[in-house]
Amino acid sequence: MPLAGLAIVLIAAVVAFLISHGMVSTNQSVNHSIEVRVGISELGRDIAEQNAGFRGYLLVGTESQKTEANRGGAAVTDQYSRLRTIMTDEPTQRANLDAIGPMLRERLDYIHTQMKDREAGGTGLADTIARPRIRQLIADIDTRLQQMSTEEQRLLEARQAQSQRLIQWLSAALAGAVMLVVAAAYLTVKDARQRFTALRNATREARAAAHAAATESEARIEAEAQLRQIQKMESIGQLTGGIAHDFNNMLAVIVGSLDLARRRIGQPERAERHISDALEGAGRATTLVSRLLAFSRRQALTPAPIETNAFLLDLVDLLRRTLGETIAIETEFEAAAWPTFADPVQLESAMLNLAVNARDAMLANGTLTLTTANRALYVGDTSDIADLDPGDYIEITVADTGCGMSEEVIARAFDPFFTTKTVGKGTGLGLSQVFGFVRQSGGHVTIESEIGSGTRVRLLLPRHRGEVQAAKARATSQGGLQGNGARVLLVEDDPRVRRFSADALRELGYVPLSAANGAEALQLLLDERDIAVLFTDVVMPGMSGQELAATVKAMRPDTRVLFTTGYARDDDNSIGLAQLDAPVLHKPFDVTELGTKLREILA
Ligand SMILES: Nc1ncnc2c1ncn2[C@@H]1O[C@H](COP(=O)(O)OP(=O)(O)OP(=O)(O)O)[C@@H](O)[C@H]1O
Ligand SMILES: [Mg+2]
């Protein structure tokens, strides 16, 4: 539409130009006609004047009349040639003018002859003979001039009429063009208004759509939050259900066996068998609890520097025994693998869990590959892993050639009690222990797997930069547990645990002095001089185990300290018990474990 409008405006401009041009050319032809008519009448007048001069000379013969007649002749010649130069455009007029030429010449010749005759004193005979011819000539010239004047008038009128018509046409065209321009402008404005309205409607619709999308996304976020809440509740339900189920089984064994033992108290052999069953059940419960604590990242870790390759190499024997002969074990170790800092017992347990999973996935036979690699992670590498700081890590990969895992299984594999194994085969706590332990140790664990192409589990553990002493995966020492009557100050807030601990100490040949809290313990310390060991719980109401130990150390620097705890926790995070600056015995413990620890610290 704007283009059409522009074209119409251009046409209007051209028409306006043509009109003005037409008017200019009309003016020019009017001027030309006027000039021609003036020329014609001046020629007539010059002829008449020459005539008058010539006649006067003939009659009177004065010199001035002769000069006048000659001047009149020159004027006639001039005027005639001027007319010839301006009358080039019109053939009829030009023919008329050309016809006058010979007549004028004939008349001039006659006048010259007459005047010469008069000069010579003649009588004007020639005049008598030629007069009728000259008269006729003058009349013809007059007639011709008259015709030319009339013709020029006619030409002028015809030209004026033609140009008038042209101007009328062009004016009509101009009016049409102006109307078209107005129409185009109207249409353009209308079109623009329609577009503007359409645009406004589109904007309104887009705004409405954006609003709807925002509302929808809010609703979706809310729905997702609800779904997450439901899933969380489901997980918690699954977790508590799992714990309750497993504990019930173990309690059934413990309670049942103890009941049987009590009934067989008179038959020590049978009673002892039932008691070992009960102990075995309790042992399994202990394992379950430690795995749960591992997952909750609340377990009491005793991290130590570990020479990674050597540690794993030591494990290979144990793995061979666990996996059986049908599974090959290969190692691909980084030559100068970095050491790490982690709890060796938990690391061993994690490796065992992974190896057992691999064995279950490989069924009859396959290959388990243990790999180590040094990894320097930069900001970009760790940004998608929550809580993992950039830095140096040692990567331990456990790869198998087993059945692999689907994406759904990978997504849930770390969930506690998630298992695809049949009842009694798996508790679903293996990978949760691995996950909890690795995360609590400041590292990360990922699974890479596809159905049918095996599984690779990668552990990233922080690099240790200090000295490494040979770390032992297990406390293996065992031997004489004789306490020799040494006094042990036992501080424990739970009365049952206190009673058991006191019994165990007595069993080992120590003399226990029991206190329920820090204050009681300090009181006993004032009364008793000879106390070899302070054996205290870490988390207690009132004075904590650490505070008590610090006070006792201040009073009696010789006193040794042994901590015990179910878990380590402070206000916002679990802490490594390595900070305690004294050995720790993890609950639950048996008599042998207590004896070993005491022997170690008293050695
Ligand atoms: N190497 C593997 N190959 C294939 N699937 C695996 C592998 N490791 C774990 N899984 C899958 O992940 C699930 C969870 O493993 P997890 O170790 O936590 O529990 P579990 O092995 O079933 O039981 P538990 O270890 O407590 O005896 C397994 O049931 C199995 O489906
Ligand atoms: Mg497992």
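Residues numbered from 1 in each chain as written. Chains lettered and ligands numbered in written order. Predicted model: local features only at pLDDT ≥ 70, side-chain atom pairs only at ≥ 80, totals over all residues. Heavy atoms only, no water.

**Some details on the domain arrangement of the protein**
Parsing the protein into structural domains produces domain 1 (2-188), domain 2 (249-296), domain 3 (304-462) and domain 4 (487-602). Centre-to-centre separation of domain 1 and domain 4, based on C-alpha positions: 146 Å. (Domains from an automatic or database assignment.)

**So, the nonpolar core**
In terms of nonpolar packing, the biggest core is built from 39 residues, with M351, L368, V445 and L459 touching the most fellow members. Mapped by element, the contributors of at least two residues to this core are α6 (308-323), β2 (327-332), α7 (344-362), β4 (366-377), β5 (391-400), α10 (430-440), β6 (444-449) and β7 (455-462). Per element, the largest residue contribution to this core is eight residues, and it comes from α7. Discounting residues that sit within four places of it in the chain, L368 has contacts with L319, L323, I327, A328, I329, E330, A358, M362, V398 and A399. By size, the runner-up hydrophobic cluster in this structure holds 24 residues, among which are F54, A69, V76 and M103. (Core = buried A, V, L, I, M, F, W, Y, C linked by side-chain atoms within 4.5 Å. Buried < 20%, exposed > 50% of the residue type's maximum accessible area, 1.4 Å probe, protein only. Helix = DSSP H or I, 4+ residues; strand = E, 2+ residues; numbered from the N terminus. Contact = heavy atoms within 4.5 Å.)

**Points about helix α3 (residues 91-119)**
With 29 residues, α3 ought to run about 42 Å at 1.5 Å a step, and its terminal C-alpha atoms sit 42 Å apart, in line with that. A positive phi of about 85° marks G121, the residue just after α3. (Expected span 1.5 Å × (residues − 1).)

**Some points on the site of ligand 1**
Close contacts around ligand 1 come from 20 residues, with N357, T419, T420, K421 and T427 the closest. The contact in question runs from an oxygen atom of ligand 1 to an N or O atom on the backbone of G428, over 2.9 Å. Between ligand 1 and the protein, one listed contact pairs an oxygen atom with a backbone N or O atom of L429 at 2.8 Å. Those elements giving two or more residues to the shell around ligand 1 turn out to be α7 and α10. Considering each element in turn, the shell around ligand 1 owes the most residues, three residues, to α7. Residue composition of the shell around ligand 1, grouped by class: eight nonpolar, nine polar and three charged. (Near = heavy atom within 4 Å. Polar contact = N/O pair within 3.5 Å; in protein donor to acceptor, adjacent residues only side chain to side chain. Nonpolar A, V, L, I, M, F, W, Y, C, P; charged D, E, K, R; others polar.)

**Regarding the pattern of salt bridges**
Following the criterion strictly, the structure yields 23 salt bridges and no others. For R45, the salt bridge goes to E49, with nearest N and O atoms at 3.8 Å. Separated by four residues within a single helix, R45 and E49 lie in helix α1 (residues 2-59), roughly one turn from each other. Here R45 falls in the partly exposed class, since its relative accessible area comes to 45%. In this structure, D259 engages R262 in a salt bridge whose closest nitrogen and oxygen atoms are separated by 3.6 Å. Of this pair, D259 and R262 both sit in helix α4 (residues 125-263), three residues apart, which is roughly one turn of the helix. (Salt bridge = Lys/Arg side-chain N within 4 Å of Asp/Glu carboxyl O.)

**Remarks on empty space enclosed by the protein**
This model, assessed by the stated rule, comprises one cavity of 30 Å³ or more. Each pocket or cavity is described by its volume, and for the largest cavity that value is around 30 Å³. Contributing to the lining of the largest cavity are H32, V36, M87, D89, E90, Q93, E152, L155 and R159. Secondary-structure elements contributing two or more residues to the lining of the largest cavity are α1 and α4. Considering every element that reaches the lining of the largest cavity, the biggest residue donor is α4, with three residues. In terms of residue class, the lining of the largest cavity is made up of three nonpolar, two polar and four charged. (1 Å grid on protein atoms, 1.4 Å probe; cavity = no way out; pocket = protein on both sides within 12 Å on 5 of 7 lines; lining within 4 Å. Points joined across faces, edges and corners; volume = space filled by probe spheres on them.)

**Digging into the packing of α6 against α7**
At a minimum axis distance of 10 Å, the contact between α6 and α7 shows a crossing angle of 40°. Judged by the inter-axis angle, α6 sits oblique to α7. The chirality of how α6 crosses α7 is right-handed. Mapping the contact onto sequence places F311, L312, L315, L318, L319, T322 and L323 in α6 and P344, L347, E348, M351, L352, A355, V356 and R359 in α7. (Axes fitted to C-alpha atoms, helices over the stretch in contact; angles between N-to-C directions. Parallel < 35°, antiparallel > 145°, perpendicular 65-115°, else oblique. Left-handed = near helix turned anticlockwise from the far one by under 90°.)

**So, the environment of G380**
Take G380: it is sitting in helix α8 (residues 379-382). By relative accessible area, G380 is classed as exposed at 59%. Along the sequence, G380 and A502 sit 122 residues apart, while their C-alpha atoms lie 55 Å from each other.

**Section: a nonpolar patch on the surface**
Taken together, the side chains of L3, L6 and L10 present a nonpolar region at the surface, about 350 Å² in accessible area. Within the secondary structure layout, L10 lies in helix α1. For L10, a relative accessible area of 55% corresponds to the exposed category. (Patch = residues over 30% accessible without salt bridge, like charges linked within 9 Å, V, L, I, M, F, W, Y side chains within 5 Å. Areas by Shrake-Rupley, 256 points an atom, 1.4 Å probe, with all protein chains shown as cover.)

**Some points on unusual backbone geometry**
Residues K587 and P588 are joined by a peptide bond in cis, for which omega reads -10°. Inspection of the secondary structure assignment puts P588 in the loop between β12 (584-586) and α14 (591-602).

**Description of the packing of aromatic side chains**
Under the criterion given, the structure shown has three aromatic pairs. Between F414 and F435 the ring centres are 5.1 Å apart and the planes differ by 35°, which places this aromatic pair in the tilted class. Of this pair, F414 sits in the loop between α9 (407-412) and α10 while F435 sits in helix α10, and the two are 21 residues apart along the sequence. Here F414 and F435 have matching classes, each one buried. Ring geometry for F535 and F589: centres 6.0 Å apart, planes at 65°, overall edge-to-face. In this pair, F535 sits in strand β10 (residues 533-537) while F589 sits in the loop between β12 and α14, placing the two residues 54 residues apart along the sequence. In this pair, the class of F535 matches that of F589, namely buried. Three or more aromatic residues link up through ring pairs in this structure, and these residues are F500, F535 and F589. (Phe/Tyr/Trp six-rings, centres within 6.5 Å; stacked < 30°, edge-to-face > 60°.)

**Focus: the environment of T85**
For T85, the location among the structural elements is in helix α2 (residues 63-86). For the pair T85 and E450, spaced 365 residues apart in the sequence, the C-alpha separation amounts to 110 Å.

**Here's the deal with the side chain of H444**
Examined against the element boundaries, H444 turns out to sit in strand β6. Of note is the side chain of H444, whose polar atom sits 3.1 Å from the side chain of R439.

**Quick word on the sheet that holds β4**
With respect to topology, five strands assemble into an open sheet ordered β2-β4-β5-β7-β6, the strand pairing being mixed. Of all strands in the sheet, those bounded by a partner on one side alone are β2 and β6. Within the sheet, the average angular offset between the axes of one strand and its neighbour, ignoring direction, is 20°. In this sheet, β5 lies alongside β4 in antiparallel orientation, the contact comprising nine bridges. Counted as the bridge partner of N374 is I394 from β5. Contacts from α7 reach β2, β4, β5 and β7, with the element oriented near 30° to β5. (Pairing = 2+ DSSP bridges.)

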